[in-house]
Structures are given as C-alpha cells and as structure tokens.
There are 2 protein chains.
Amino acid sequence: MHDVAELAGVSIKTVSNVVNGYPHIRPITRAKVEDAIAELGYQVNISARNLRQGRTGMIGLAVPELSLPYFAELADSVIRAAEAVGLTVLIEQTGAVRARELEVLSGQRRHLTDGLVFSPLSLGPEDTASFAVDFPMVLLGERVFGAPADHVTMNNVEAARAATQHLIDLGRRRIAVIGAHEGEEMGSATLRVRGYQQALAAAGLQVDPALIGEAGLWHRSTGAEAMRRMLDSGVEVDAVFALNDALALGALHVLHARRVAVPEQIAVIGFDDIDDGAYSSPTLSTVSPGREEIARTAVDLLVARIAGANDALPYQQVVSDYSIVVRESTAGAGSTTLAVDLAGSAGSRTGAL
Amino acid sequence: MHDVAELAGVSIKTVSNVVNGYPHIRPITRAKVEDAIAELGYQVNISARNLRQGRTGMIGLAVPELSLPYFAELADSVIRAAEAVGLTVLIEQTGAVRARELEVLSGQRRHLTDGLVFSPLSLGPEDTASFAVDFPMVLLGERVFGAPADHVTMNNVEAARAATQHLIDLGRRRIAVIGAHEGEEMGSATLRVRGYQQALAAAGLQVDPALIGEAGLWHRSTGAEAMRRMLDSGVEVDAVFALNDALALGALHVLHARRVAVPEQIAVIGFDDIDDGAYSSPTLSTVSPGREEIARTAVDLLVARIAGANDALPYQQVVSDYSIVVRESTAGAGSTTLAVDLAGSAGSRTGAL
C-alpha cells in the first residue's frame, strides 16, 4: 500500500479510499492509484483487511442435507434472517457424517466467518465436550443438550404429543409411528416418540410395539418403505404419525397406491410444515415447528455473541413455539380452509442451561 | 512467526509444525511454542496462508433459492461431485436479486474459494460483459449465452419438444403451458415454450395463446394460481406442460381440488425430475435434465480451470443429456413401473463457443 501511494504520488489514505470503493474520489486520482496498483501487481488482500477489522460480515450455516426439504427451507429462513441484519450466509453440507461434523467444530474454516449456526445430526450426547469451541456458535436440533453454546430447539415432546392427541381426538385408536430410531440415545426421533407415548398413556391407550415403524434417514423413500412394511405386517392401523413430512409424503404415496382412503381408513399427520405438504393430494396435516422463529432467534443470538453483547450471560436455550396445522390428511376433503390450532401458544421459553 | 520461534527457542520450522497440527512433536516443544504464541498474541493467519499457497480447497456455488427443490437438489449434487475430488462447497443464495448476482461476479468473496459455480436468474443477455471475471467460474442455466466462461446447460428446446410430443402421442390436442414469461428475452421459460411451439407445429397443431399460462417465479403456489386462472377462463384443455415440477405439483393440487381426473381429463407433465414428483399422487411425469451430470461436469470444468489445465482451450459449452420420465400423471394409475424414454441419448455435446 505504501509503495502504491508513493508511485501514485498520493497519500496512503487515498489509496485505501480507492481500494475500498469510496465515492467522491476525483477520476484522475483514481486512475493514478489504479495504474500504480496495476504496475506493482498489488492485490487487494481482503482476507487480511477482514482479519484486521476482526469481522467478515459472514456467518456459516452447517446442515446435514440440503436435499431434505426441511433443511433447505431452514437454510432459506436463516439466509433471510441474516440478510435482515446485513450478514451473508455461507452454507456447508455435512452429509450427517461424523468426521465432517467434527471438522465443522474444529474451526478450520472459522476465519471465513464471524460465527456459526450448526445443526448436527451425527454427533450426539457423548460429544458434548467437542462443542466447547472458541468462536461464536449457535446450536440447532436435538442431538446435543447442555453443550457450552446458545441453543435453539423446538418443543419436540409436547408438539409430538399434540399431533398424536389430534389423531386421538378424531377417534383413532390404532395410531402408528413412522420414523422411529431404535437405540437412539437422544434426537428428534426419540423425543417425538416420547411425546407420542405420553399422548397414548394420557388417553389410556396401550403402546403396541408393532405400531412403531423404524426408518433410518427421514426421506420420502424410507417413509414409503416403512409404510409398506407396516401394511404388509397385517397389523391394524387407523392413523399414522410420521415423524417428519418427508416420511409422511412417502407414506401417503404408498397408501394411495394401495387404494387406502386417507383420512377415512388411515389418517396421516407429519411434522415440519414443509411447502410440499400444502400441495400434496390429500394435503398434509402437520406440526409447524416455528422454522422462521428458529432461524431468526438463532441469528439474533449469534449476532449478540459476535458483538460480545452476551459475554456476561450464560448460554441460552430457546424453545420455539409450535402449532398443529390441520389439512385434508386428517380432516378430510371437505377441509378447504386450514385450521391452525396454536397448541404452543404459551410462547417461547428462554432459560439459562 | 519469527518472534514466536525466538521466544520459544525453537526453529521457525517447528513453530510451523505446531501451528499446522503436525503429529510427532514432543509435548514439551509444543507447550513452549503455544506459550510463546499466547504471550505474543500471535494469530494463525489461515487466510494469509491460503493466499500464499494460492488455494483454499473450497469452491463457491451461487444459486437463486434453496427453497426451490431444483436448486436444493442441484446444490446437493454439486456438493457430492466436489467431495469426490476433495473440495468443499460454500453456498450462497442470491434470491435472484440483480444486485446480489452482480456482487457474486464482483469477486468480493473470491478470496474464500478457488472458483465459482454460478447459476444466475436475474442477470440476462445484456449483462454478458459482467461475466468477464478474473477468477475461475463455470456458468449454469439459460440466462446468458456466449459469456466468457465455461457453461453447462441443458437442452431446453429439445427436451420441451419431447415433453410436448409425449402429450401429443397420447392423443392430446389442447395442450396448455404453465410458467411462461412474456417478454423474456432469454431464459428457461422462453426456450421451453419454444420447444412446445415446435412440437405443436410439427404435429400440425395451432398454438393457441389462450393456452399459454404465465407464472413469475416457478413455485407450487404460482403453478396453482396459473392452473386456477386457466380453468376459470373456460378454455378447453386436455393436457398441461408445466415448465418445472414445482409448477406441475401446484397444478396437480388444483386439479385434485376441482375433481379433474389426471390423466383421464387432463394429463400433466413437468420438468426437472425433483424427488417430490416420484411420490406425489398421482406420480408426476417429467423431464429429467441430467442434474447429476450437470453438477459433475460443472465441477470437472471448474477444477480444470483452477488447475490451469484448460488455459489453452476456448471456453466450453456442455449440453447435458435429458430423458422423459413417464409416470401416472400422463400414463395413468396402471403405470406402476417407470418407463424412461432416453430421448436425449445422442449423448452430451461439447463445443467451443
């Protein structure tokens, strides 16, 4: 920069102004500086400048899989929330691979961004210590609780209980679950199955293990397979609580192919409120987990940590509101308007860990 | 680094080994170096190191909207293709906003990555000059042709002609289009409508302007609206070619709500082959544009440009294969297996611009 200033015959300040694109610089001055830069092969070292300023204006978002609609829509929401406060989001896909998720925590790429929003799927409770990182981070999801980081989560147990209760209220008694993860210590599946069991218990219904369908990754294809297996087993079913919407859409596909009337013979509810569910045939009842709120809260918490505004505060855990969205797959074809039951209207709860 | 070495009483090489996390360093040596770093407040300047090495091991991917399934799935494919060659992908969402797309080209963030895969949606033919950037870039999509960059595209006109021909082969004569962009100079809509018109002309059918439905962004919601408007207009329709699958799924939603039998009364075909279409009711016939091939080719071209391997070659334009995927929305409920017509089996065509 000094060499450029000397060659151009201007001050270092002027070189800086030209390089940083300030307005109100005389064209002749700009030309001199630009010529000097070209002559010296000077490269604007943006990285170095950012490091000097201590900020990049960017935050990272690490999610398992963008081809899962929930994460694609979550990424979209985080990007919009970040944009509202002038931040750009760089997205990384971990593929839910353990080594990649650990790499995210190792901070190898932290110099690119001011902080990170991280939704792990492979790391679990046994990895809590790995979350003690030295850069601003906000955690999403249900794999790890009690990590030394701000955490935005949804009320999985209560929301799942409300979804199951909705099916019970319709008179259903043989309610199947699709998407269980047997042996999982902690995660969305475990928590949602717990809510399902609580709802059955509260209604005096037995939990029948034959009604709990496993599915590894929560895709349409695995939901279709689980639904097929359940029908083939011959077990009596009059409703399905699919642990996410992709599973539910896969289940609807199989029910349609087998000529099973939805909701007359089998009512179906999902979880996530992805866009697809509003356009499927029948349209899909679901749990809206407050995706926009989750994204906005995560960005707000991250911004506060980046600014050091929360340095004196303990790590926050914020639980987002949820609501039950009633559509045709439980209410029938007559339900042309959407009934939204604000089951989670008690408001978000925030608390120190 | 020199100061750290002096203070720790070790060589610069040893400091470098510690900082870079090399194994086989004696704990006492590591401790000395770490103490010296702490004392001097030395920051590992990874950005500077990357700049020195000239590589970041990362490539950028800029797409309009991740909440559009096509782009979410494209991102997933690019990430997998990049992973196969050891590269990490950082994704940026432009929102199809002109200023953001120009920002991508300005290279403000080029120091983060070794190169860029860019799918513009707002910039058009009048912006071709802006694509003359000084970093490795591969262009996707149909908004700009002839830009000074490698370009991977799909055969929109021929694929759309094949999709329309499929409907004509079923005996349909009143074939509507959903998703047209009136006044668009260049883009997927323009090219796909052109293919539609060519197929009609070849079959001796008139193009009826009343059958061309406009839709701005190609979402389920806009597809539903366009379908509703078309039905309300009272125009006779026996088939719909929706210019992407999201539009088609929106149209199917409206046809289902209005009790129009698909495909008996109106056959529907989409474009993109997104995962949703394989699970909708009825399942959606579509054009598979070779998304995996597009992603793999784009990454391969970018890697070659980054390595300088193609420096002597003119910019490449690669056109991916396409195929027609026949499902229930055109073939009826009996079509339990998918018939895949390799209409584009002539192979990819590569050529200098």
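An unreviewed UniProt entry annotates chain A as LacI family transcriptional regulator originating from Cellulomonas chengniuliangii.

Visitor: I tried to follow the pairing of strand 6 (residues 175–180) of chain B on my own but got confused; where do I start?
Guide: Two faces belong to every sheet, and in a regular strand the side chains alternate between them. Residue and element names in this part refer to chain B. For strand 6, the buried fraction is high: 6 of the 6 residues fall into the buried class. Bridge count between strand 6 and strand 7 (residues 212–214): 3 bridges; the pairing is parallel. The partner of I178 across the bridge, within strand 7, is G213. As a crossover connection, the stretch from strand 6 through helix 8 (residues 188–202) into strand 7 is right-handed.

Visitor: Would you explain the relation of the copies chain A and chain B in this entry?
Guide: One copy of the chain maps onto the other through a rotation about an axis plus a displacement along that axis. When chain A is fitted to chain B, the residual RMSD is 0.5 Å, and the transformation amounts to a turn of 179° plus an axial shift of 0.2 Å. Such a combination of rotation and displacement between the chain copies is what one expects of a two-fold axis. With an isologous cut-off of 70% or more, the 100% of interface residues of chain A that recur at the interface of chain B puts this contact in the isologous class.

Visitor: Before we go on, may I ask you to explain the nonpolar core in this structure?
Guide: Buried together is how nonpolar side chains tend to be arranged in soluble globular proteins. Ranked by size, the top nonpolar core spans 162 residues in total, and within it A:I91, A:F241, B:I91 and B:F241 carry the most contacts. Residues contacting A:I91, with those up to four places away along its chain left out, are A:L61, A:V63, A:L66, A:A75, A:I79, B:L66, B:V89, B:L90 and B:I91.

Visitor: What exactly am I supposed to notice about the sheet that holds strand 7 (residues 212–214) of chain A here?
Guide: Backbone hydrogen bonds hold the strands of a sheet together, and the pairing may be parallel or antiparallel. Residue and element names in this part refer to chain A. As summarised here, the arrangement of the 4 strands in space is 7-6-8-9, forming an open sheet in which the pairing is parallel. The sheet terminates laterally at strand 7 and strand 9 (267–269), the two strands that pair on one side only. Within the sheet, the average angular offset between the axes of one strand and its neighbour, ignoring direction, is 20°. Together, strand 6 (175–180), strand 7 and strand 8 (239–242) form the strand contacts of helix 9 (residues 220–232), whose direction differs from that of strand 6 by roughly 140°.

Visitor: Would you mind showing me how to read the sheet that holds strand 6 of chain B here?
Guide: Residues and elements named next belong to chain B. Taking strand neighbours across the sheet as the criterion, the 4 strands line up as 7-6-8-9 in an open arrangement whose pairing is parallel. Pairing within the sheet leaves two strands with one partner each, and these edge strands are strand 7 and strand 9 (267–269). The sheet shows a mean angle of 20° between the axes of neighbouring strands, direction not considered. In this structure, strand 8 (residues 239–242) lies alongside strand 9, joined through 3 bridges in parallel fashion. Bridging from a neighbouring strand, A239 pairs with A267 of strand 9. The sheet strands contacting helix 9 (residues 220–232) are strand 6, strand 7 and strand 8, and the helix crosses strand 6 at an angle near 140°.

Visitor: Looking at this model, I keep getting lost on the environment of A:S323. Mind explaining?
Guide: Mapping A:S323 onto the fold places it in strand 12 (residues 323–326). Along the backbone, A:S323 and A:A162 are 161 residues apart, and their C-alpha atoms lie at a distance of 8.6 Å.

Visitor: I'm lost on the interface of chain A and chain B in this one. Help?
Guide: Listed per partner, the contact involves 45 residues of chain A and 45 residues of chain B. Buried surface at the junction of chain A and chain B, summed over both partners, amounts to about 3,700 Å²; 57% is from carbon and sulfur atoms. Linking chain A to chain B there are 8 salt bridges. With a closest N to O distance of 3.4 Å, B:E65 and A:R80 form a salt bridge. Across the contact surface, chain A and chain B share 13 residue pairs in polar contact (both at pLDDT 80 or more). Every element with two or more residues in the side of chain A that touches chain B is listed here: helix 4 (46–53), helix 5 (69–84), strand 2 (88–93), helix 9 and helix 10 (245–257) of chain A. Grouping the amino acids of the side of chain A that touches chain B by side-chain chemistry returns 18 nonpolar, 15 polar and 12 charged.

Visitor: Looking at this model, I keep getting lost on helix 5 of chain A. Mind explaining?
Guide: Residue and element names in this part refer to chain A. Here helix 5 spans 23 Å end to end across 16 residues, near enough to the 22 Å set by a 1.5 Å rise per residue. By the criterion of burial, helix 5 is predominantly enclosed, with 13 of the 16 residues buried. In the segment just after helix 5, G86 is the residue with positive phi, at about 80°.

Visitor: Help me understand the pattern of salt bridges, please; the structure alone is not making it clear to me.
Guide: Charged atoms that come close allow side chains of opposite charge to pair. Tallying each qualifying case throughout the model produces 28 salt bridges over all chains. For the salt bridge of A:D232 with A:R258, the shortest nitrogen-to-oxygen distance reads 2.9 Å. In this pair, A:D232 sits in helix 9 while A:R258 sits in the loop between helix 10 and strand 9, placing the two residues 26 residues apart along the sequence. Note that B:E73 and B:R291 form a salt bridge whose closest N and O atoms lie 2.9 Å from each other. Of this pair, B:E73 sits in helix 5 (residues 69–84) while B:R291 sits in helix 11 (residues 291–307), and the two are 218 residues apart along the sequence. Looking at B:R291, the relative accessible area reads 15%, which means it is buried.

Cut-offs and rules
Residues numbered from 1 in each chain as written. Chains lettered and ligands numbered in written order. Predicted model: local features only at pLDDT ≥ 70, side-chain atom pairs only at ≥ 80, totals over all residues. Heavy atoms only, no water. Buried < 20%, exposed > 50% of the residue type's maximum accessible area, 1.4 Å probe, protein only. Helix = DSSP H or I, 4+ residues; strand = E, 2+ residues; numbered from the N terminus. Pairing = 2+ DSSP bridges. Right-handed = clockwise from strand over helix to strand, strands pointing away. Least-squares fit on C-alpha atoms with pLDDT ≥ 70 in both. Contact = heavy atoms within 4.5 Å. Core = buried A, V, L, I, M, F, W, Y, C linked by side-chain atoms within 4.5 Å. Axes fitted to C-alpha atoms, helices over the stretch in contact; angles between N-to-C directions. Buried area = accessible area lost by both parts, 1.4 Å probe. Salt bridge = Lys/Arg side-chain N within 4 Å of Asp/Glu carboxyl O. Polar contact = N/O pair within 3.5 Å; in protein donor to acceptor, adjacent residues only side chain to side chain. Nonpolar A, V, L, I, M, F, W, Y, C, P; charged D, E, K, R; others polar. Expected span 1.5 Å × (residues − 1).

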